[in-house]
Amino acid sequence: YYLYTFIYTLFLIMKKTLHIDGMHCASCEMLITRWVEWIKWVKVENVSAKKWVIHLELSDEKLLNQIEQAIDEAWYKIINDNVEIFYKKKWNWNK
């Protein structure tokens, strides 16, 4: 488990915020979190039913299709995924 977590954190380079329609309670937050966390290399930072927002960390933009499919399978819809992607700076190769 610890080795997996270490490798997982090495490759997380993007943060993404998605707006999700239909969340209204803590159970909705837990359900969406569980569906999305089944996807490898995706970490759920925060889910807010009040703001209808999920904050994610992921290793590749290609995972967004899997995330969208997982949210659809949980009976929710992504309203807007055209939010800026923030890249983490993991290594400074110039030193």
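What you see is a predicted model; the values in this text were computed from it and never measured.

K.L.:
Quick question: what am I supposed to make of the overall build of the protein chain here?
P.N.:
Scanning the protein chain from N- to C-terminus turns up 3 helices and 5 strands. Traced from its N-terminal end to its C-terminal end, the protein chain shows the element sequence α-β-α-β-β-α-β-β. Contacts spanning at least 24 positions in sequence make up 71% of the contacts within the protein chain whose residues lie at least 6 apart. When the accessible surface of the protein chain is totalled, it reaches about 7,000 Å², and 57% of it is carbon and sulfur.

K.L.:
Explain the nonpolar core here, please?
P.N.:
Core analysis: the biggest nonpolar cluster contains 22 residues, and Met23, Val36, Val42, Ile54, Leu56, Ile67 and Tyr76 have the highest contact counts within it. Residue assignment for this core shows that the elements contributing at least two residues are strand 1 (14-21), helix 2 (26-37), strand 2 (42-48), strand 3 (53-58) and helix 3 (63-73). Here this core takes 5 residues from helix 3, the largest share from any one element. In contact with Val36, other than residues within four places in its own chain, are Val42, Val44, Ile54, Leu56, Ile67 and Ile71.

K.L.:
Before we go on, may I ask you to explain the side chain of Ser48 in this structure?
P.N.:
Inspection of the secondary structure puts Ser48 in strand 2. Residue Ser48 is classed as buried on the basis of its relative accessible area, which comes to 17%. With near-sequence residues (within four places) excluded, Ser48 lies in contact with Met23, Glu29 and Val53.

K.L.:
Looking at this structure, I do not really get the pairing of strand 2. What am I missing?
P.N.:
Here is the key point about a regular strand: its side chains alternate between the two faces of the sheet. Bridging between strand 2 and strand 3 involves 6 bridges; their strand directions are antiparallel. Each residue of the ladder has a partner; that of Val44, found in strand 3, is Leu56. Between strand 2 and the antiparallel strand that follows it, strand 3, lie 4 residues; Trp52 among them carries a positive phi value of about 60 degrees.

K.L.:
Help me understand the confidence of the model for the protein chain, please; the structure alone is not making it clear to me.
P.N.:
For any part of a model where pLDDT is low, the fine detail of the predicted coordinates should not be relied upon. A residue-level look at the protein chain finds 71% of positions with pLDDT of 70 or above and a mean pLDDT of 79. Here residues 89-95 is modelled with pLDDT under 50, and outside its nearest four sequence neighbours on either side it reaches 5 contacts, counting other chains as well.

K.L.:
Please clarify how helix 2 should be interpreted in this entry.
P.N.:
Side chains of residues three or four places apart in an α-helix project in the same direction, reflecting 3.6 residues per turn. Look at helix 2: 16 Å from first C-alpha to last across 12 residues, which is about the 16 Å you get at 1.5 Å a residue. The elements touched by buried residues of helix 2 are strand 1, strand 2, strand 3 and helix 3.

K.L.:
I tried to follow the state of the cysteines on my own but got confused; where do I start?
P.N.:
Here, disulfide denotes a covalent bond that connects the sulfur atoms of two cysteines. According to the stated counting rule, one finds 0 disulfides in the structure shown. Its sulfur unpaired, Cys28 is 3.6 Å from the next cysteine sulfur, which belongs to Cys25.

Cut-off values and rules
Residue numbers run consecutively from 1 along every chain, following the written order of its sequence. Reporting in this predicted model follows two pLDDT cut-offs: at least 70 for local features of residues, and 80 or more for side-chain atom pairs to be given and counted; totals over whole chains, interfaces and linings ignore these cut-offs and use all residues. Side-chain measures were taken over the full set of non-hydrogen atoms in the model, leaving aside hydrogen atoms and water. Working definition: helices are DSSP H or I runs of at least four residues, strands are E runs of at least two. Numbering for both runs from the N terminus. In what follows, a contact means two residues having at least one pair of non-hydrogen atoms within 4.5 Å. Per-residue and other accessible areas were derived by the Shrake-Rupley procedure at a 1.4 Å probe size, with only the shown protein chains allowed to occlude residues. Here, nonpolar core refers to any group of buried Ala, Val, Leu, Ile, Met, Phe, Trp, Tyr and Cys residues whose side-chain atoms link them within 4.5 Å. Three labels apply to residues, based on accessible area from a 1.4 Å probe with only protein chains included: buried if under 20% of the type maximum, exposed if over 50%, partly exposed otherwise in between. Two strands form a pair only when DSSP identifies at least two bridges running between them. Per residue, pLDDT captures the predictor's confidence, and it can take any value from 0 to 100. Between the first and last residue of a helix there are one fewer steps than residues, each counted as 1.5 Å, and that sum is the expected span. Cysteine sulfur atoms are paired as a disulfide whenever they fall within 2.5 Å.

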